[in-house]
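# Per-entry structural report
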Protein chains: 2
Amino acid sequence: MVVELISVGTEILLGNIVNTNAAYLAERLAGLGMSVYFQETVGDNPERLYEVLKQAKDRSDVVILSGGLGPTQDDLTKETAAKVCEKGMHEDQKAKEYLIRYFKKTQRTISEISENNWKQAVVPDDSIVLYNDNGTAPGIIIEADDGTKVILLPGPPHELIPMFEQQVAPYLCGIEQGVLYSKVVKIDSIGESAVEMAILDLINEQSNPTVAPYAKPGEVHLRVTAKAKDEEEGKQLVMPVVEELKNRFGRHVFTIEEHVTMEEALVDLMMKHHLTFATAESCTGGLLAGRLVNVPGVSNCFNEGFITYANEAKMKYLGVSADTLKQFGAVSEECAREMSEGLAKVTGAKVTIATTGLAGPGGGTEEKKPGLVYISCTVNGKTTVQKYQLNGNREKVRYTAVVRALTLMRHSIINVYE
Amino acid sequence: MVVELISVGTEILLGNIVNTNAAYLAERLAGLGMSVYFQETVGDNPERLYEVLKQAKDRSDVVILSGGLGPTQDDLTKETAAKVCEKGMHEDQKAKEYLIRYFKKTQRTISEISENNWKQAVVPDDSIVLYNDNGTAPGIIIEADDGTKVILLPGPPHELIPMFEQQVAPYLCGIEQGVLYSKVVKIDSIGESAVEMAILDLINEQSNPTVAPYAKPGEVHLRVTAKAKDEEEGKQLVMPVVEELKNRFGRHVFTIEEHVTMEEALVDLMMKHHLTFATAESCTGGLLAGRLVNVPGVSNCFNEGFITYANEAKMKYLGVSADTLKQFGAVSEECAREMSEGLAKVTGAKVTIATTGLAGPGGGTEEKKPGLVYISCTVNGKTTVQKYQLNGNREKVRYTAVVRALTLMRHSIINVYE
């Protein structure tokens, strides 16, 4: 099945935002075994959108459009799609119910639904309306008379992604004969090419299931996908390969669940062992705690953290000695160690993590260059300090340091508890 | 002049990487006053690339392709572009010199230039060869017989960006008569539709300069763009409108500089008044400090911050009273106030900011729903507490709370110091 992607929106066309939706949809569709040959971006202009959509509809089986479903005048995706599919429009009862449900969910009354919002309940004839859990624009699947499916999704990623996962992906799999069964094996702290080298035999020899790597900063995801007649057969094809990957990468595999993030896997591990953690951040400046706090229920294992940016703060709150700072500097193995060990004393947390480094761009010396980061983790009195020389600008160095810290925490806990 | 963008590469088509080149090029072209109506992405497939490029060349004045210029077999952009432009290929002396120059620059000898690399010096006839300061693939401008320009750029952003800035942008401006001058006015804490309502007259009445809004979470950017014969004339057209916008939105304008972020504007303001700040975060859990620490040089005004997630931490580090927590709860105006005032006492910072809220999804009550956030800012002993009911999931609530906190800090400082 050939799927084509059209991103609609002047803000993408003008480069005001980066088109992450196209990357997300393309990756997921590849994972579902569907082919994408063309992607287009077009502004909120009905004539040009018509031209692009017409061409896409003629050469592909499914066209997914994102954006341009908002309540304002310049949002014209729905009208244009109806025109290309030669469909009329009607006010849809289900779409109205969805709108009311969303307003109730977000603590607003029906009287607050504006005229523009009600307009969002007008949809093309012969279409399937998709509920939007995170916004007012419903998704729409138009089943055109020639068999093509034209799928309209809202532009904001936090609306588009859940709608795709929960409603569009199952719909697409339903069109295809059989099912696609896939699992993802998420691996930390090994580079993409090293991961690929370690599984070249699996990549080359297998055709069903396939194994495809995908790299994110600090992690590599291996997606194992099988075509099968039903879910049970899919599972039987996929799981032996997943087990093989777990054997090859051992503790570097932090999850095989689609939606579990690195921080969730870590918080789960701490919950399992009834551990509390605390953070002391210098160069990451709160980002590490900020990321861990993104896990709902983290309050079960997290009470407090410090951002000790200045040397004085490192001494005052964590008990780092003035001598250490004078002799080795704040960006040193010794300082990092005193930070996480001092933090354990101050807070009584079983797991403590500390970061100190040079995020750049300035402030480096011949000996200590920007990107130099020390991370120290203390678990039950046992401390491990790691030194990293990270690449990239200030933002990237800080982001990567957070990923490294999450990884060091997980591995240190496993060393002591598993 | 109408420019069309084509991104070539299977890794983009499959969503393995996000297409930042398209966003970068589109934004720069808009800034240069050129119109982009269509963008396409296509894989390393010569037939489909031919189809897309042919169409683009027929409807646009300039087509910029990025990617597919590498030395390997599957890089076919150059050959396909030559075919579409009906040009032969030849080994180019200048391209060879560039290759040698790059190898010398990267401390390698000419003998290390592989056969595949030499292949990169073969270019379409009648083309201009562009030097690549950061890689082996030269850029190429093909001037087709029908007047269309087809420009080929390497895919890696660190090669593409300098090449565009130093060689392609001047080339394009040379084709166009005159210049485009633009400024951006960045506004905090007013919604996009309210901003639009306040400047409807400017949007509707003006054609040169134009005023175009663009919304980000918690901020709205208004871009004022004029076509002019030179930069001086552009400035004279744009600046009166910028002044008018500054008058209308007053202190909500946090910068008129293209690359200044909200956190940078805030840190600049604090530096100007020699203020130090400290943070105490509950629901934002470090994200607020994490964002402020992204500003290089923030160490001049930032020493320390606390993440006081548990009630005990709020009492222990900030001196919030047990009575307050018992009577009003941690998510309350009273608690927020005691947090920022206690923080000022503990740290001595002139500006202190505290966040406490329910990020969700669970943990709400009938009275206090997820999304309820209190933010308190104390400047020189004067405290302002704001209450917000924010929409969205846990991540969005926390992100928006950070933007609101940055805004409250800036406004509170202006109230006392300006």
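Residues numbered from 1 in each chain as written. Chains lettered and ligands numbered in written order. Predicted model: local features only at pLDDT ≥ 70, side-chain atom pairs only at ≥ 80, totals over all residues. Heavy atoms only, no water.

### A look at the overall build of chain A
For chain A, the helix and strand inventory stands at 16 helices and 17 strands. Taking the principal axes of the C-alpha coordinates as reference, chain A spans close to 80 × 55 × 45 Å. Residue burial in chain A is summarised as follows: out of 418 residues, 55% are buried. Sequence-distant contacts, at least 24 apart, represent 68% of the contacts inside chain A between residues at least 6 apart. When the accessible surface of chain A is summed, it comes to about 17100 Å², and 49% of that surface belongs to carbon and sulfur atoms. Averaging the locations of the 43 positively and 56 negatively charged side chains of chain A gives two centres separated by 6 Å. (Helix = DSSP H or I, 4+ residues; strand = E, 2+ residues; numbered from the N terminus. Buried < 20%, exposed > 50% of the residue type's maximum accessible area, 1.4 Å probe, protein only. Contact = heavy atoms within 4.5 Å. Areas by Shrake-Rupley, 256 points an atom, 1.4 Å probe, with all protein chains shown as cover. Lys, Arg positive; Asp, Glu negative; His and termini not counted. Charge placed at Lys NZ, Arg CZ, Asp CG, Glu CD.)

### Some details on the environment of aspartate 44 of chain B
Residues and elements named next belong to chain B. Here aspartate 44 is to be found in the loop between strand S2 (35-42) and helix H3 (46-59). Assessed through its relative accessible area of 24%, aspartate 44 is described here as partly exposed. Sequence spacing of aspartate 44 and proline 170 is 126 residues, and the spatial spacing of their C-alpha atoms is 29 Å.

### Here we look at the confidence of the model for chain A
Per-residue confidence for chain A gives a mean pLDDT of 91; residues scoring 70 or more make up 99%. Reported for the predicted complex are a pTM of 0.75 and an ipTM of 0.74. (pLDDT = per-residue confidence, 0-100.)

### Side note on the pattern of salt bridges
Under the criterion given, the structure shown has 44 salt bridges over all chains. Between lysine 87 of chain A and aspartate 126 of chain A there is a salt bridge, with its nearest N and O atoms 2.8 Å apart. Here the residue lysine 87 of chain A occupies a position in the loop between helix H4 (77-84) and strand S4 (89-91), and aspartate 126 of chain A occupies one in the loop between strand S5 (122-124) and strand S6 (127-130), the gap between them amounting to 39 residues. Linked through salt bridges whose partners overlap, the residues forming this network are Glu4, Glu40 and Arg59 of chain A together with Glu51 of chain B. (Salt bridge = Lys/Arg side-chain N within 4 Å of Asp/Glu carboxyl O.)

### Observations regarding the nonpolar core
Core analysis: the largest hydrophobic core is formed by 79 residues, its most contacted members being Met270 of chain A together with Met270 of chain B. In this view, methionine 270 of chain A contacts Leu275, Phe277, Cys301, Val351, Met409 and Ile413 of chain A; residues no more than four positions away in its chain are not counted. (Core = buried A, V, L, I, M, F, W, Y, C linked by side-chain atoms within 4.5 Å.)

### Regarding the sheet that holds strand S10 (residues 210-216) of chain B
Residue and element names in this part refer to chain B. Taken in spatial order, the 4 strands make up an open sheet running S10-S11-S9-S12, and their pairing is antiparallel. Every interior strand has two partners, whereas the edge strands, S10 and strand S12 (253-255), have only one. Across the sheet, the axes of successive neighbouring strands diverge by a mean angle of 35°, strand direction being ignored. Alignment of strand S9 (residues 179-188) against S12, held across 2 bridges, turns out to be antiparallel. Counterpart to lysine 186 in the pairing with S12 is threonine 255. Here helix H10 (residues 231-249) sits on the sheet and contacts S9, S10, strand S11 (219-228) and S12; the angle it forms with S11, its principal contact strand, is near 150°. (Pairing = 2+ DSSP bridges. Axes fitted to C-alpha atoms, helices over the stretch in contact; angles between N-to-C directions.)

### Overview of helix H15 (residues 333-347) of chain A
All names here are of chain A. Here H15 spans 21 Å end to end across 15 residues, near enough to the 21 Å set by a 1.5 Å rise per residue. Among all positions of H15, only Cys335, Ala336, Met339, Ser340, Gly342, Leu343 and Thr347 are buried. Within H15, the buried residues cover an arc of 165° as seen down the axis, which keeps them to one side. (Expected span 1.5 Å × (residues − 1). Arc of directions from axis to C-beta.)

### Remarks on the sheet that holds strand S2 (residues 35-42) of chain A
Strand order across the open sheet formed by 12 strands is S6(A)-S7(A)-S8(A)-S3(A)-S1(A)-S2(A)-S2(B)-S1(B)-S3(B)-S8(B)-S7(B)-S6(B), with mixed pairing between neighbours. This sheet does not close on itself; its edge strands, each paired only once, are S6 of chain A together with strand S6 (127-130) of chain B. Pairs of neighbouring strands in the sheet enclose a mean axial angle of 15°, with direction left out of account. Bridge analysis of S2 of chain A against S2 of chain B gives 5 bridges, and the strand direction is antiparallel. Bridge pairing in S2 of chain B links phenylalanine 38 of chain A to valine 42 of chain B. Relative to the sheet, H4 of chain A contacts strand S1 (2-8), strand S3 (62-66), strand S7 (139-143) and strand S8 (149-153) of chain A, its axis offset from that of S8 of chain A by approximately 175°.

### Notes on the pairing of strand S11 (residues 219-228) of chain A
Residues and elements named next belong to chain A. Most of S11 sits out of view: 9 of its 10 residues are buried. Alignment of strand S10 (residues 210-216) against S11, held across 7 bridges, turns out to be antiparallel. Bridge pairing links lysine 216 to glutamate 219 in S11. Taken together, S10 and the strand that follows it, S11, pair antiparallel across an intervening segment of 2 residues, in which glycine 218 is found at a positive phi of about 80°.

### Re the interface of chain A and chain B
In this assembly, 64 residues from chain A lie in contact with 65 residues from chain B. When the buried area of chain A at its contact with chain B is split by residue, Gln39, Ile307 and Tyr309 of chain A rank highest and sum to 11% of it. Taken together, chain A and chain B are joined by 2 salt bridges. Two residues, glutamate 51 of chain B and arginine 59 of chain A, come together in a salt bridge whose shortest N-O distance is 2.9 Å. Where chain A packs against chain B, one counts 28 residue pairs in polar contact (both at pLDDT 80 or more). Looking at the side of chain A that touches chain B residue by residue, the class counts come to 30 nonpolar, 22 polar and 12 charged. Pairing geometry for strand S14 (residues 302-308) of chain A and strand S14 (residues 302-308) of chain B, over 5 bridges, is antiparallel. Looking at S14 of chain B, one finds that phenylalanine 306 of chain A is bridged to phenylalanine 306 of chain B. (Buried area = accessible area lost by both parts, 1.4 Å probe. Polar contact = N/O pair within 3.5 Å; in protein donor to acceptor, adjacent residues only side chain to side chain. Nonpolar A, V, L, I, M, F, W, Y, C, P; charged D, E, K, R; others polar.)

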